[in-house]
Amino acid sequence: MNGTERENIKIGKKVKVVQKQDQRTGKLTEGIVQRILTKSKNHHHGIKVMLEDGTVGRVKKIIG
């Protein structure tokens, strides 16, 4: 499942995100969704979320 659709992402789900500074390399960071920051129902680069550790990034992969 990809992270471009807001309806696929729920608070408490484990996801992999790409942070702003890692966009060029594509390095993914894993964590649990604390807040969904993107208001629109979809975004072609991924829905922006905040993870429980405070990391902000766009969801590239939903793990569970």
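You'll find the structure just up there.
Structure report, in brief. All residue numbers here refer to positions counted from 1 along the written sequence of the relevant chain. Note on the predicted model: pLDDT of at least 70 is required for a residue's local features to be given, and 80 or more for side-chain atom pairs to be given and counted; whole-chain, interface and lining totals, by contrast, use all residues. Side-chain descriptors were evaluated using all non-hydrogen atoms of the structure, hydrogens and water having been removed beforehand.

### Examining the environment of Thr55
Then comes step 1: When you line up the elements, Thr55 lands in the loop between strand S3 (48-51) and strand S4 (56-62).
Then comes step 2: When the C-alpha positions of Thr55 and Gln34 are compared, they lie 9.7 Å apart, and in sequence the two are 21 residues distant.
Then comes step 3: The criterion used for residue contact is that any of the two residues' heavy atoms lie within 4.5 Å. When sequence neighbours within four positions are dropped, the list of residues in contact with Thr55 reads Gln19, Thr29, Val49 and Met50.
Then comes step 4: Any N or O atom pair separated by 3.5 Å or less is treated as a polar contact, with the protein-specific requirement of one donor-capable and one acceptor-capable atom, and with residues adjacent in sequence counted only for side-chain atom pairs. Side chain to side chain, Thr55 and Asp53 meet in a polar contact 2.8 Å long. Numbering of helices and strands runs from the N terminus; a helix is a DSSP stretch of H or I covering at least four residues, while a strand is a stretch of E covering at least two.

### What about the side chain of Gln19?
Then comes step 1: Relative to the elements of secondary structure, Gln19 occurs in the loop between strand S1 (14-18) and strand S2 (28-36).
Then comes step 2: Categorising residues by exposure relies on relative accessible area from a 1.4 Å probe, with only protein chains included: less than 20% of the type maximum marks a residue as buried, more than 50% marks it as exposed, and the intermediate range marks it as partly exposed. Residue classification places Gln19 among the buried positions, given a relative accessible area of 15%.
Then comes step 3: Reaching out from Gln19, the side chain makes a polar contact with the side chain of Thr29 at a distance of 3.1 Å.
Then comes step 4: Those residues in contact with Gln19, other than ones at most four positions away along the chain, are Thr29, Thr55, Val56 and Gly57.

### Details of the nonpolar core
Then comes step 1: If you look at the biggest cluster of nonpolar residues, it comprises 10 residues: Ile9, Val15, Val17, Val33, Ile36, Ile47, Val49, Leu51, Val59 and Ile62.
Then comes step 2: Of all elements in the fold, only S1, S2, S3 and S4 reach the threshold of two or more residues within this core.
Then comes step 3: Setting aside residues no more than four positions away along its own chain, Ile9 makes contact with Gly3, Val33, Ile36, Ile47, Val49, Val59 and Ile62. Buried residues of nine kinds, namely Ala, Val, Leu, Ile, Met, Phe, Trp, Tyr and Cys, make up a nonpolar core once their side-chain atoms join them within 4.5 Å.

### Regarding the pattern of salt bridges
Then comes step 1: Any carboxyl oxygen of Asp or Glu within 4 Å of a side-chain nitrogen of Lys or Arg constitutes a salt bridge here. For the structure on display, the rule yields 1 salt bridge.
Then comes step 2: Across the pair Lys14 and Glu30 runs a salt bridge whose closest N-O atoms are separated by 3.4 Å. Of this pair, Lys14 sits in strand S1 while Glu30 sits in strand S2, and the two are 16 residues apart along the sequence.
Then comes step 3: Of the residues examined, Lys14 reaches a relative accessible area of 35% and is grouped as partly exposed.

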